Amino acid sequence: MSLSPSAVAAASAAWVWLPPDAEVVADDQYTILRLPEYYSFDLSVVSFTPNRPLPAAVDAVLERAKACGPPVLDWQVLIGHPAGLADELTARGGRVKLGLEVLAADLSQGAPRLKPPAVDVSLRWATDLATTRDGIAVESAGFGGALPPEERIEAAAGRDAKAFPAGEGGRVVAYVDGEPVGAGGVVLVDGVARLTGGVVAEDWRGRGVYRALLDARLSYAATHGAAMALVKANETTSGPILRKVGFTPFGPEPVYALPLH
């Protein structure tokens with residue numbers, strides 16, 4: 001698989017986050033998610049493919065979002081979105097709340113060799129309830145939000161128990177002395193390994209835990225036929241690590257917060 005800008009942009013555009021516990025509001029031009037209260041944000045635009053002038057298309061999204069109730073809409077400006085979208089959102093009071101960037105790595109020749117961590121890390125794939133709960137707890141602490149209800153954790157464990165052995169992906173959890181200190185996910189779609197949710201507990205950062213999580217996911221992805229690894233990374237945390245191990249940046253995808261009332 002080529003890592004040309006067009007190939008990466010296409011893979012990035014095809015990656016639409018639709019968690020099973022979200023309320024989806026969509027038409028042929030946009031998709032808005034209303035998320036449960038245990039997430040760290042309420043309302044988010046996850047796809048935008050306008051077929052009308054940009055100001056009118058943005059108006060349509062904002063009017064529909066206002067009807068959902070929350071006072072703020074998160075809108076990620078993707079590398080394939082229309083030129084001028086960031087300026088349009090800024091003009092309507094939007095501000096950047098999170099700097100993300102698209103990075104990709106070629107896995108067609110296998111996963112790269114990564115330096116081992118500086119601490120003794122044990123990795124477990126979350127195919128059981130306890131490990132899944134540990135992973136979600138680490139993610140909730142790192143990204144904000146709260147633990148979802150137990151039935152949601154059970155459902156996630158059940159999904160990964162089937163997906164992981166089938167080569168479709170899963171969540172890997174890092175432990176140090178039996179304590180969960182990091183987690184990260186991977187989903188394989190059409191030869192692309194989408195890396196999700198990579199996070200390390202603050203007290204354990206800088207010791208190679210994230211690199212160990214990355215190594216496990218890339219190895220799994222290459223073993224199951226992925227030719228590209230794709231991640232939408234935080235510019236200040238995971239981004240520098242990914243660049244150092246050979247990922248190539250393809251452009252920023254900042255998340256804007258827009259006031260609705």
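Residues numbered from 1 in each chain as written. Predicted model: local features only at pLDDT ≥ 70, side-chain atom pairs only at ≥ 80, totals over all residues. Heavy atoms only, no water.

### A short note on the overall build of the chain
Looking only at helices and strands, the chain has 7 helices and 13 strands in total. Summarising its shape, the C-alpha atoms of the chain cover approximately 55 × 40 × 35 Å along the three principal directions. Burial status across the chain gives 46% buried among its 261 residues. In the chain, once contacts between residues fewer than 6 apart in sequence are set aside, the share between residues at least 24 apart is 70%. Accessible surface for the chain amounts to roughly 12200 Å². Of this, 52% is attributable to carbon and sulfur atoms. Between the averaged position of the 23 positive side-chain charges in the chain and that of its 30 negative side-chain charges there is a distance of 3 Å. (Helix = DSSP H or I, 4+ residues; strand = E, 2+ residues; numbered from the N terminus. Buried < 20%, exposed > 50% of the residue type's maximum accessible area, 1.4 Å probe, protein only. Contact = heavy atoms within 4.5 Å. Areas by Shrake-Rupley, 256 points an atom, 1.4 Å probe, with all protein chains shown as cover. Lys, Arg positive; Asp, Glu negative; His and termini not counted. Charge placed at Lys NZ, Arg CZ, Asp CG, Glu CD.)

### Examining helix 5 (residues 150-163)
For helix 5, which comprises 14 residues, the first-to-last C-alpha distance of 20 Å matches the rise-based estimate of 20 Å (1.5 Å per residue) to within 8%. What helix 5 keeps buried is the set Ile153, Ala156, Ala157, Asp160 and Ala163. For helix 5, the arc enclosing every buried residue in end-on projection is 135°, short of the 170-degree limit, so these residues lie on one face. Opposite the buried face of helix 5, by more than 90 degrees, sit the exposed residues Glu151 and Lys162. Contacts made by the buried residues of helix 5 are with helix 4 (129-143), strand 8 (169-176) and helix 6 (209-223). (Expected span 1.5 Å × (residues − 1). Arc of directions from axis to C-beta.)

### Focus on the sheet that holds strand 1 (residues 23-26)
Taken together, 6 strands build an open sheet; the order of strands is 1-2-3-4-13-5 and the sheet is mixed. Looking along the sheet, the strands with just one partner apiece sit at the ends: strand 1 and strand 5 (95-98). Averaged over all adjacent pairs, the angle separating strand axes in this sheet is 30°, with direction ignored. (Pairing = 2+ DSSP bridges. Axes fitted to C-alpha atoms, helices over the stretch in contact; angles between N-to-C directions.)

### Notes on the packing of aromatic side chains
Taken as a whole and judged by the stated rule, the model has 8 aromatic pairs. Their ring planes at 55° and their centres at 6.4 Å tell us that Tyr39 and Phe41 sit as a pair that is tilted. Three or more aromatic residues joined by ring pairs form one cluster here, namely Trp17, Tyr38, Tyr39 and Phe41. Residue placement shows Arg124 over the ring face of Tyr175; its charged tip is 3.7 Å from the ring centre. Against the face of Tyr210 rests Arg217, its NZ or CZ located 5.9 Å from the ring centre. (Phe/Tyr/Trp six-rings, centres within 6.5 Å; stacked < 30°, edge-to-face > 60°. Lys NZ or Arg CZ within 6 Å of the ring centre and 35° of its normal.)

### Here we look at the pairing of strand 6 (residues 100-106)
Of all 7 residues that make up strand 6, 6 are buried, and the element is covered over most of its length. Relative to strand 11 (residues 228-234), strand 6 runs antiparallel, the two being bridged by 7 bridges. Bridging across to strand 11, Ala104 finds its partner in Leu230. Bridge count between strand 6 and strand 12 (residues 248-252): 4 bridges; the pairing is antiparallel. Looking across to strand 12, one finds that Glu101 is bridged to Pro252.

### Section: the packing of helix 4 against helix 5
At their nearest, the axes of helix 4 and helix 5 sit 9 Å apart, and the two run at 115° to each other. If you check the angle between helix 4 and helix 5, you find them roughly perpendicular. Between helix 4 and helix 5 lies a crossing of right-handed hand. On helix 5, the residues touching Leu129, Thr132, Arg133 and Ile136 of helix 4 are Glu150, Ile153, Glu154, Ala156 and Ala157. When grouped by side-chain class, the residues that make up the contact of helix 4 with helix 5 number 5 nonpolar, 1 polar and 3 charged. (Parallel < 35°, antiparallel > 145°, perpendicular 65-115°, else oblique. Left-handed = near helix turned anticlockwise from the far one by under 90°. Nonpolar A, V, L, I, M, F, W, Y, C, P; charged D, E, K, R; others polar.)

### Points about unusual backbone geometry
One non-glycine residue, Asp177, adopts positive backbone phi at about 55°. Topologically, Asp177 is positioned in the loop between strand 8 and strand 9 (179-189). A positive phi angle is found at Asp190, which is not glycine, with a value near 50°. Here Asp190 is to be found in the loop between strand 9 and strand 10 (192-200). According to the relative accessible area criterion, Asp190 is exposed, its value standing at 73%.

### Some remarks on the sheet that holds strand 9
Taken in spatial order, the 7 strands of this open sheet run 7-8-9-10-11-6-12, and their pairing is mixed. The sheet is open, and its two borders are formed by strand 7 (122-125) and strand 12, each paired with just one other strand. Between one strand axis and the next, the sheet turns by 25° as a mean value, whatever way the strands run. As paired strands, strand 10 and strand 11 are joined by 4 bridges and run parallel to one another. Its bridge partner lying in strand 11, Ala193 is registered against Ala229. Its contacts with the sheet put helix 6 on strand 7, strand 8, strand 9, strand 10 and strand 11, and the angle it makes with strand 10 is roughly 160°.

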